[in-house]
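One letter stands for each residue in the lines below.
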Amino acid sequence: MSEVARLSAQEQGSRAMSISERAARVSRPTPSYLESLNPEQRRAVEAIDGPVLVLAGAGTGKTRVLTTRIAHILSLGKARPSQILAVTFTNKAAREMKERVAAVIGGQSEGMPWLGTFHAIGTRILRRHAEMVNLSPDFTILDTDDQIRLAKQVLQAENIDEKRWPARQMLGMIDAWKNRGLTPEEVPKSEGDYFANGKGVGLYKLYRDRLKALNAADFGDLLLEPIRLFRANPDILADYQSRFRYMLVDEYQDTNVAQYLWLRLLAQGNRNLCVVGDDDQSIYGWRGAEVDNILRFETDFPGATVVRLERNYRSTSHILAAASHLIAHNEGRLGKELFTDFTDPDEVPVTVASSWDSEEEARAINEEVESLQKKGASLDEMAILVRTTAQMRAFEDRFVTTGTPYRVIGGPRFYERKEIRDALAYFRCVTQPAYDLAFERIINVPARGIGQVSVRLVSEAARAEGIPMIAAATDLLSTDEVKGKARTGLAGLVASLERWRSQLDTMSHTELAEIVLEESGYTDMLKADRSADAPGRLENLKELIRSMEEFDSLPAFLEHVSLVTDAQGEAGGEAVTLMTLHAAKGLEFDVVFLPGWEEGLFPSVRALDENGQAGLEEERRLAYVGLTRARKLAFVWFALNRRIHGMWQSSAPSRFVDELPEGHVMVREEAGYGGIGSYGRSRFDEVETFSSSYHTPGWARAQRRREDVPRHRRHVPTTIDGELVAKTVTEKPSAYAVGDRVFHQKFGNGDVAQVEGNKLTVDFDKAGRKRVIDGFVTRV
DNA sequence: ATTGGTTATGTTTTT
DNA sequence: CATAACCAAT
C-alpha cells in the first residue's frame, strides 16, 4: 500500500491498522496466496484501506485480484465475510467469484451474503426496509413482459394512442430516467415533453403509482429505490456504511449513474472502496453505463491508490498486438497497453477470411472447427462470438446438419419462453393472489371462454373497489353480471386457484406445480397442440419442475427466477460455444471465431446512427473484447452477402478488419472450402444488386419513424442535484502539435504536418506523408 | 368467443 | 424472416 494512500485514509478518519495489527504484520510470513501474484496485482490486493482504482486490461488477472483481495481481508481479520460488500454486474460473474473465493478461503463463501449483482443486493436491501419505500417485504419483481402489460394499461387509461406512442418506448424513457437515479419529481422539466404531447413525466408518475399499488418493482427500481431509501433515512444509510467495512466492485466501467450514486452513498462512510474495471471494455453505454464513472474515480475519491494491470497472461502476442492496434483507434481512453512476456514459438497471427454469404461462413467455420478437433483441440475450448443473436441461426442450422455439438449461451432465455412464463404466472397467482398481472396473463390460457369483454369487466371492478382482480372476480360471480361460458370458466378458475392455495402447506411445491399445470388444462392444451414446437414446450415445463427441486418452496423459487435471467450452461458433453460478444465478456477460449465483421452489422448501423462517434467507439470496444477472449487462435470472418429481413444484401467488410495491424494478421486467400463454383453464386443471379446496404422496406420504415422522435437524453449532460455527475466523452485534444518531431515504429522519424483529434498527418523522412494514430508515435 | 388467415412491423447488445 | 396485431368468418 502506498504511504500516501494510508495517510489519506487516516486523515479521513477511516479505519486504519491498529498498532498491534501493524506490529504483527511484520513477522507474519507472506501468505501463499500472495506469492503467486505479480507485483502490480499484489499492490492491488494489499492496498486494503482507502479508495483503490484498479485499471485491469483484458486477461490481466482481474478476477484473481478481486478474489485474492477478499481472501486477504478475511485472513488479516480486518472484516468478517458478512462485512464485505462485493458487487458484480452479472449473475455469471457473481457465481464465479463465489466459487473462486470459496476455493481460496475454503468453503465459507456461503457466509458472504453481500456478494452478488447490483440488482440482487438492491433487492435484499429493499426487502428489509420495504415499508420505507411504500412496498411490502414480499413485493414482486416484474419481468419485461409484465412491464409492457402495465405500461399498456397506463397508456390506455390515459387515452394515448399506442400506435403512435408504443409502450416499449415509454418504458425505454422511464428506464433511462431510473438508470440516472431520477424519480418523476426529479426529472428535469421538459425532458419528457416529446412523449405523447408532453405527458412523459406524468406517465412515469402514473406507472410508478401503479407499481406501488401492485406491490411490485421493476429492474430499475431495484437500483433507484435503495438510493431513495438511503437519502431519506440517514440512520439506515449509516447502518450500512458501518456494516460494509470493505467494498469491491467488478466491471466498474459498466456502472450507470444510479449504481454510481448507490456506491457513493455507501462509500462515504469508511471510503474502503475498491473498484476494478477497464475503460476499453465498456460495452453497455446503450444501457446507461457511464464510462465517465471510472474516469472520475480519482476526483471523487482523492488520494485513491491507482493500480494498472497491463501484463496479460491469456493471449499470444499476435492476438494482443491485433487487439491493441484496433483499440488504439478510439479517442476516449485512459490509455493502457497490454503486453506479455511470454512468446510461444508456434504462435500464429490472427486469421482473416471471407465467405460468399452467411451460410457459407457458417459452413467454413464449422469445417475449421472440425479440422481443429481432428488435431486434438477440445470443442469446449472453441467459441463463436457474434454481434447479434440473429447471426446464431446460420450456425445452429449448420451444426445440426453436421452433427457438431454446440451450446448456445444467452440465446432465447429459458425463463422468457411463453410456456414457462405462463406456468410461472399460475404459480404466482397461487402464492400471491394480489398479483394482477399474472392473473391477467393466465385468465384465459388455456381458452376457457373468458374474452376481452369479461376481462375488462373484472379489471374495472377491481379498480373501482381497489381490490385485487381475483377478489373482484369472486365478487362478480356472486352477481349476475357475468353470464354463459365466461361465468363457468371464471368460476372454475377462481375455485381452482383457491384449492391450489389450500394445498400449499400440505404438499411439496413440485408436486403442487405439476397439479396446477395438469388441472388448469395447460398440459392438455399443449398435448392437443399439433404444431412442431409443442412437444418441446412440454419438455421445457418438465425441465422447469425439475429445476424447482433445488428450492425449498414456491416463493423461494419465484424469487430466484425473477433475478436470474440466464439459463446457466446446460450440462451436456463437449460442445462449441455460441454466444453474443456481450455475453462473452469475462470469458476466455483457446480458439475464438468472430464472424460477421461487416459494415452495418458490426459496427452496427444502429449504434452509429444513434450515437455517432461514441457509438462507433463502443462497437470498437466490443471488437476488442471479442479478440481478447482468445488465448491461442482468433479468426476474423466476414461474408460478402447476408440476408437481412429476409432479403439478400451485399455487404462491405467492416472497417475494423482494416484496422488490424498488417504484421499480426494472416489473410486466408485461397478460395478453398468448396467455394463459389459449386455452391452459391447461381442463387444470386436473379437478385438485384444494391448500391448500398440498407434499402429494405423495413429499414426505410424505421428511418421514417425515427424522424419525428426527438433524440432525448443524447445531448443532456447528466446531473444530479445540479451537480455534474458524468459528461459525455468529449474530443480530447491531441498531445501533439503541428511541427512536432516524432518517431514511429514502422515509418521512422518525421514532422507533424496536421492534427485532427488523435489522428496525425506526419511527413516522414523516409516513408513520406502518412496518417497515423498519435498513440503510435513518440516525441523525439 | 374462437378460429384461422392476413397483413403490418420490427431487429443489438441485458440486469 | 418471424412474430405480433388485426380482421373476418364461425
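Residues numbered from 1 in each chain as written. Chains lettered and ligands numbered in written order. Predicted model: local features only at pLDDT ≥ 70, side-chain atom pairs only at ≥ 80, totals over all residues. Heavy atoms only, no water.

The name an unreviewed UniProt entry gives chain A is DNA 3'-5' helicase, with Acuticoccus mangrovi as the organism. Taken from UniProt, the Sequence similarities (unreviewed entry) comment for chain A reads in full: "Belongs to the helicase family. UvrD subfamily." (UniProt positions renumbered as here; feature names shortened; annotations may be inferred.)

## Details of the protein's contact with DNA strand C
In the region of DNA strand C, the neighbouring residues are Lys 152, Lys 163, Arg 393, Arg 643 and Gly 646. In this structure, a phosphate oxygen belonging to DNA strand C sits 3.3 Å away from a side-chain N or O atom of Arg 393. In the model, a phosphate oxygen of DNA strand C is placed 3.1 Å from a nitrogen or oxygen of the Arg 643 side chain. Its residues assigned to classes, the surface near DNA strand C shows no nonpolar, 1 polar and 4 charged. (Near = heavy atom within 4 Å. Polar contact = N/O pair within 3.5 Å; in protein donor to acceptor, adjacent residues only side chain to side chain. Nonpolar A, V, L, I, M, F, W, Y, C, P; charged D, E, K, R; others polar.)

## Examining the environment of Leu 457
The residue Leu 457 is located in helix 20 (residues 452-465) in this model. Taking relative accessible area as the criterion, Leu 457 reaches 29% and is therefore assigned partly exposed. Residues within four places of Leu 457 in sequence aside, it is in contact with Leu 476, Glu 481 and Val 482. (Helix = DSSP H or I, 4+ residues; strand = E, 2+ residues; numbered from the N terminus. Buried < 20%, exposed > 50% of the residue type's maximum accessible area, 1.4 Å probe, protein only. Contact = heavy atoms within 4.5 Å.)

## Regarding the environment of Asp 344
Looking at where Asp 344 falls in the secondary structure, it is placed in the loop between helix 15 (317-327) and strand 9 (350-357). Given a relative accessible area of 28%, Asp 344 falls into the partly exposed group. Along the backbone, Asp 344 and Asn 215 are 129 residues apart, and their C-alpha atoms lie at a distance of 59 Å.

## Digging into the packing of helix 11 (residues 221-232) against helix 13 (residues 257-267)
At a minimum axis separation of 9 Å, helix 11 and helix 13 run at an interaxial angle of 35°. Crossing angle aside, the handedness with which helix 11 passes helix 13 is left-handed. Contact residues: Leu 223, Pro 226, Ile 227, Phe 230 and Arg 231 in helix 11; Ala 258, Gln 259, Leu 261, Trp 262, Leu 265 and Leu 266 in helix 13. Per-class residue counts for the contact of helix 11 with helix 13 are 9 nonpolar, 1 polar and 1 charged. (Axes fitted to C-alpha atoms, helices over the stretch in contact; angles between N-to-C directions. Left-handed = near helix turned anticlockwise from the far one by under 90°.)

## So, the sheet that holds strand 3 (residues 115-117)
Pairing is parallel in the open sheet, where 6 strands are placed in the order 3-2-6-7-1-8. A single partner strand is all that each edge strand has here, and the edge strands are strand 3 and strand 8 (305-309). Going across the sheet, the axis of each strand differs from the next one's by a mean of 15°, ignoring polarity. Contacts between helix 13 and the sheet are confined to strand 2 (84-88), strand 6 (246-249) and strand 7 (273-277), with strand 6 contributing the most and set at about 160° to the helix. (Pairing = 2+ DSSP bridges.)

## Describing helix 22 (residues 484-503)
For helix 22, which comprises 20 residues, the first-to-last C-alpha distance of 29 Å matches the rise-based estimate of 28 Å (1.5 Å per residue) to within 8%. By the burial criterion, the buried members of helix 22 are Ala 486, Gly 489, Leu 490, Leu 493, Val 494, Ser 496, Leu 497, Trp 500 and Gln 503. Residues of helix 22 that are buried in the fold lie against helix 18 (418-431), helix 19 (436-442), helix 20, helix 21 (469-477) and helix 23 (509-519). (Expected span 1.5 Å × (residues − 1).)

## Some details on the confidence of the model for chain A
Per-residue pLDDT for chain A averages 79, and the proportion of residues at 70 or more is 82%. Counting contacts from residues 1-15, a segment whose pLDDT is below 50, to residues more than four positions away or on other chains yields 23 contacts. pLDDT under 50 marks residues 672-733. Its contacts with residues more than four places away, or in other chains, come to 95 contacts. (pLDDT = per-residue confidence, 0-100.)

## Brief notes about the side chain of Arg 387
With respect to the element layout, Arg 387 can be found in the loop between strand 10 (382-386) and helix 17 (392-402). Taking the relative accessible area as the measure of exposure, Arg 387 reaches 15% and is therefore buried. Here the side chain of Arg 387 touches Glu 619 through a polar contact of 2.7 Å, side chain to side chain.

## Quick notes on the packing of aromatic side chains
Within this structure, the stated rule accounts for 21 aromatic pairs. With a centroid separation of 5.7 Å and 55° between ring planes, the pair formed by Phe 230 and Tyr 240 is classed as tilted. Placement of Phe 230 in helix 11 and of Tyr 240 in helix 12 (residues 234-243) is noted, with a sequence separation of 10 residues between them. Of the residues examined, Tyr 240 reaches a relative accessible area of 0% and is grouped as buried. Seen from their ring centres, Phe 399 and Tyr 406 are 5.5 Å apart, and the 35° between their planes marks the pair as tilted. For Phe 399, a relative accessible area of 1% gives the class buried. (Phe/Tyr/Trp six-rings, centres within 6.5 Å; stacked < 30°, edge-to-face > 60°.)

## Some remarks on the pairing of strand 15 (residues 647-650)
As judged from the 4 bridges shared by strand 14 (residues 630-644) and strand 15, these two strands associate in the antiparallel manner. When the bridges of strand 15 are listed, Arg 642 appears paired with Gln 649. The antiparallel hairpin formed by strand 14 and strand 15 contains 2 residues in its connecting segment, where His 645 sits at a positive phi of about 55°.

## Quick look at helix 16 (residues 358-374)
Taking 1.5 Å per residue, 17 residues should reach 24 Å; helix 16 reaches 24 Å between its end C-alpha atoms and fits that length. At the N-terminal end of helix 16, a side-chain oxygen is found 3.0 Å from the backbone nitrogen of Glu 359, two or three residues along, and the residue is Asp 357. Of the residues one or two after helix 16, Gly 376 is the one with positive phi, at around 105°.

## Some remarks on the nonpolar core
In this structure, Trp 262, Trp 597 and Leu 627 are the most contacted members of the largest nonpolar core, which totals 83 residues. Counting residues per element, this core draws most heavily on helix 13, at 9 residues. Not counting residues up to four positions away in its chain, the partners in contact with Trp 262 are Leu 85, Val 87, Phe 118, Ile 121, Gly 122, Ile 125, Leu 223, Pro 226 and Ile 227. (Core = buried A, V, L, I, M, F, W, Y, C linked by side-chain atoms within 4.5 Å.)

## Notes on a negative patch on the surface
Taken together, Glu 511, Glu 514, Glu 518, Asp 524, Glu 549 and Glu 550 make up a surface patch of like negative charges. For the negative patch, the leading source of residues is helix 23, giving 3 residues. Residue placement: Glu 550 occurs in the loop between helix 25 (534-548) and helix 26 (554-563). Residue Glu 550 is classed as exposed on the basis of its relative accessible area of 68%. (Patch = residues over 30% accessible without salt bridge, like charges linked within 9 Å, V, L, I, M, F, W, Y side chains within 5 Å. Areas by Shrake-Rupley, 256 points an atom, 1.4 Å probe, with all protein chains shown as cover. Salt bridge = Lys/Arg side-chain N within 4 Å of Asp/Glu carboxyl O. Lys, Arg positive; Asp, Glu negative; His and termini not counted. Charge placed at Lys NZ, Arg CZ, Asp CG, Glu CD.)

## Remarks on the pairing of strand 8
Burial along strand 8 is one-sided: Thr 305, Val 307 and Leu 309 are buried, and none of Val 306 and Arg 308, which face the opposite way, are. As paired elements, strand 1 (residues 52-56) and strand 8 share 5 bridges and run parallel to each other. Counterpart to Leu 53 in the pairing with strand 8 is Val 306.

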